[in-house]
Amino acid sequence: MTIKEIDKEYIANTYARFPLCLVSGKGSLVKDDEGKEYIDLGTGIAVNTFGYSDDLWIGAINEQLNCLQHTSNLYYSEPCAKLARMLCERTGMKKVFFSNSGAEANECAIKVARKYGELNKGAEYTTIITLKDSFHGRTLTTLAATGQDVFHKDFLPLTDGFVYAEPNNLEDVKSLLKENKCCAVMFEVVQGEGGVRALDADFLTGLEELAKQEDILLVADEVQCGNGRSGELYAYMNYGITPDVVSTAKGLAGGLPLGATLLGEKVKDVLGAGMHGSTFGGNPICSAAALNVLSRIDDKLLADVKKKSRYIFDELNGSKGIISVSGLGLMIGIETERPAAEIIEECRNNGVLVIKAKQKIRLLPALNIETELLEKAVKIIKEACAG
Ligand SMILES: *Cc1c(COP(=O)(O)O)cnc(C)c1O
């Protein structure tokens with residue numbers, strides 16, 4: 001049997017895969033099982049921050065592999081302690097809870113928000129406002145947080161206590177705040193799965209103001225837009241706002257599973273011993289990988305992300321067959337005249353891997369993609385869009 005046949009036979013039917021079996025890669029190039037090479041602008045959905053099999057990243061992992069691979073959270077361990085310190089020093093947040101995925105990072109954020117509501121406002125203040133078109137994960141609670149009915153319908157009843165506001169509509173948030181006993185508002189600074197949309201600056205600063213007035217938490221889901229992708233370390237930093245809770249995962253460890261929930265001053269002590277946990281959370285290998293990734297997301301790299309972003313926007317805006325270009329940094333959505341699926345296929349045939357978000361083409365290149373490869377890929381995308 002071929003790999004595709006074994007996969008179809010034995011793996012649950014939850015994924016509609018592209019007809020491609022990837023076997024090896026280096027940087028922004030990846031090869032399939034027929035030896036064909038592609039420029040990858042998907043990075044495993046914003047995960048491979050420095051592309052495939054990056055040498056420095058492998059070095060950091062190998063070093064840790066030769067010490068120990070796992071301790072459990074019953075013991076102290078250096079990599080996760082140092083990673084937590086680095087995350088706090090670079091964000092101004094005060095404490096970190098580590099998990100293994102974006103959904104879990106958000107579960108922790110939701111638990112913190114509910115506990116904060118109970119402690120500071122009263123036991124009935126449990127409702128969290130999220131946004132329509134958001135995506136917060138696949139657990140039953142993070143599905144409930146996700147403001148898209150298509151994700152809800154198969155698994156009712158979901159966790160109670162979420163209401164959904166129109167993105168960029170502060171009045172909508174205000175009326176939900178009046179109608180419900182709320183403890184938090186949670187949002188992606190750049191909506192990813194919902195169509196690569198950066199929220200308006202006015203809306204975000206308005207949310208921050210409202211959160212202060214109403215004593216509710218400002219929770220930023222930076223699972224996809226975080227870790228340098230927006231051109232700042234975390235996307236909220238583009239807007240000068242200060243969330244109380246920041247969740248992240250995807251690109252944090254550059255290709256190993258790691259989630260982190262960063263807790264600001266107001267909530268740093270909301271969780272106590274025994275209230276939350278994760279067997280693998282803060283695993284030494286994943287933490288060592290993340291220390292490597294984070295330490296390399298410096299001002300120089302971020303300036304480069306912004307420069308590459310401008311290049312892509314300039315090339316694609318107004319190009320034939322392209323209706324609009326959205327997003328921030330190296331998280332870009334392209335609305336096209338032709339169906340996205342056709343363009344994705346054509347790009348693939350011409351050696352470029354891109355992915356979808358709703359009806360848009362989504363680009364999430366490695367932060368260190370070589371200019372030459374980026375230029376080549378953009379040219380192929382433009383040609384495909386032009387039809
Ligand atoms: C991918 C994603 C999640 C879920 O992350 P998993 O690691 O798949 O659990 C949550 N929020 C956002 C914004 C995401 O893009």
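Because the structure is predicted, anything quoted here is derived from the model rather than measured.

What counts, and where the lines are drawn
Residues numbered from 1 in each chain as written. Predicted model: local features only at pLDDT ≥ 70, side-chain atom pairs only at ≥ 80, totals over all residues. Heavy atoms only, no water. Helix = DSSP H or I, 4+ residues; strand = E, 2+ residues; numbered from the N terminus. Rg over C-alpha atoms; globule rule 2.2 N^0.38 Å. Contact = heavy atoms within 4.5 Å. Areas by Shrake-Rupley, 256 points an atom, 1.4 Å probe, with all protein chains shown as cover. Near = heavy atom within 4 Å. Polar contact = N/O pair within 3.5 Å; in protein donor to acceptor, adjacent residues only side chain to side chain. Nonpolar A, V, L, I, M, F, W, Y, C, P; charged D, E, K, R; others polar. Pairing = 2+ DSSP bridges. Axes fitted to C-alpha atoms, helices over the stretch in contact; angles between N-to-C directions. Expected span 1.5 Å × (residues − 1). Buried < 20%, exposed > 50% of the residue type's maximum accessible area, 1.4 Å probe, protein only. Arc of directions from axis to C-beta. 1 Å grid on protein atoms, 1.4 Å probe; cavity = no way out; pocket = protein on both sides within 12 Å on 5 of 7 lines; lining within 4 Å. Points joined across faces, edges and corners; volume = space filled by probe spheres on them. Parallel < 35°, antiparallel > 145°, perpendicular 65-115°, else oblique. Left-handed = near helix turned anticlockwise from the far one by under 90°.

Further remarks concern the overall build of the chain. What the chain contains, in helices and strands, is 13 helices and 17 strands. A compact globule built from 387 residues should have a C-alpha radius of gyration of about 21 Å, and the chain, at 21 Å, falls within 12% of that. Projecting the C-alpha coordinates of the chain onto the three principal axes gives extents of approximately 60 × 50 × 45 Å. Long-range contacts, defined here as pairs at least 24 residues apart, represent 72% of the contacts in the chain between residues at least 6 apart. As displayed, the chain has an accessible area near 17600 Å², and 51% of this comes from carbon and sulfur atoms.

Our focus in this paragraph is the site of the ligand. Ser-101, Gly-102, Ala-103, Asn-106, Phe-135, His-136, Gly-137, Glu-188, Asp-221, Val-223, Gln-224 and Lys-250 make up every residue found near the ligand. Within the backbone of Gly-102, a nitrogen or oxygen atom sits 2.8 Å from an oxygen atom of the ligand. One of the side-chain N or O atoms of Asp-221 is found 2.8 Å from a nitrogen atom in the ligand. Against a free-state accessible area of 380 Å², the protein chains account for coverage of 82% of the ligand. Per element, the largest residue contribution to the shell around the ligand is three residues, and it comes from helix H5 (residues 102-120). The residue inventory of the shell around the ligand, partitioned by class, reads three nonpolar, six polar and three charged.

Let us now look at the sheet that holds strand E16 (residues 355-357). The four strands are arranged E13-E14-E17-E16 in an open sheet whose pairing can be described as antiparallel. The strands lining the two open edges of the sheet, one partner per strand, are strand E13 (322-328) and E16. On average, each strand axis in the sheet is inclined to that of its neighbour by 35°, with strand direction left out of account. As defined by bridge partners, E13 adjoins strand E14 (residues 331-336) across six bridges and the pair is classed as antiparallel. Looking across to E14, one finds that Ser-326 is bridged to Gly-333. The strands touched by helix H12 (residues 340-349) within the sheet are E14, E16 and strand E17 (360-363), with E17 carrying the most contacts at an inclination of about 40°.

A few words now on unusual backbone geometry. A cis amide bond links Leu-156 to the next residue, Pro-157, at an omega of -5°. Structurally, Pro-157 can be placed in the loop between helix H7 (149-152) and strand E6 (162-165). Backbone geometry at Thr-43 places phi at a positive 45°, although glycine is not the residue there. Topologically, Thr-43 is positioned in helix H2 (residues 43-46). With a phi angle near 50°, Asp-215 is a residue other than glycine that sits in the positive phi range.

Another aspect to go through is helix H4 (residues 78-91). With 14 residues, H4 extends 20 Å from end C-alpha to end C-alpha; this agrees with the ideal 20 Å at 1.5 Å per step. Residues Pro-79, Cys-80, Leu-83, Ala-84, Leu-87, Cys-88 and Thr-91 constitute the buried set of H4. One side of H4 holds all its buried residues, which, seen down the axis, span an arc of 160°. Residues of H4 that are exposed and point over 90 degrees away from its buried face: Glu-78 and Glu-89. Here the buried face of H4 lies against helix H3 (55-65), strand E4 (95-99), strand E12 (259-263) and helix H10 (284-296).

Let's shift gears to the pairing of strand E5 (residues 127-131). Counting buried positions along E5 gives five out of five residues, so the element sits mostly inside the fold. In E5, alternate side chains face the same way, and those of Thr-127, Ile-129 and Leu-131 on one face and Ile-128 and Thr-130 on the other are all buried. Relative to strand E7 (residues 182-187), E5 runs parallel, the two being bridged by three bridges. From the neighbouring strand, Ile-129 faces E7, where its bridge partner is Val-185. Across four bridges, E5 lies against E6 in parallel orientation. When the bridges of E6 are listed, Ile-129 appears paired with Val-163.

Turning our eyes to something else, we now look at the layout of surface pockets. Of the pockets and cavities examined, the second largest pocket occupies roughly 710 Å³. As for the second largest pocket, its lining consists of 27 residues, and the residues nearest its centre are Asn-73, Lys-95, Val-96, Phe-97 and Phe-98. Put simply, the parts of the chain that give the lining of the second largest pocket at least two residues each are H4 and E4. When its residues are assigned to classes, the lining of the second largest pocket shows 15 nonpolar, nine polar and three charged.

Here we come to the packing of H12 against helix H13 (residues 371-386). The contact between H12 and H13 brings their axes to 9 Å, and the two run at 135°. Relative to H13, the element H12 lies oblique. Considering how the two elements wind past one another, H12 and H13 form a crossing that is right-handed. Facing Ile-343, Glu-346 and Cys-347 of H12, the residues of H13 in contact are Ile-380, Ile-381, Glu-383, Ala-384 and Cys-385. When the residues that make up the contact of H12 with H13 are grouped by side-chain class, the tally is six nonpolar, no polar and two charged.

With respect to topology, four strands assemble into an open sheet ordered E1-E2-E3-E15, the strand pairing being mixed. Among the strands making up the open sheet, the edge pair consists of strand E1 (22-26) and strand E15 (352-353). One ladder, built from two bridges, connects strand E3 (residues 37-40) with E15; its direction is parallel. Bridging across to E15, Asp-40 finds its partner in Leu-353.

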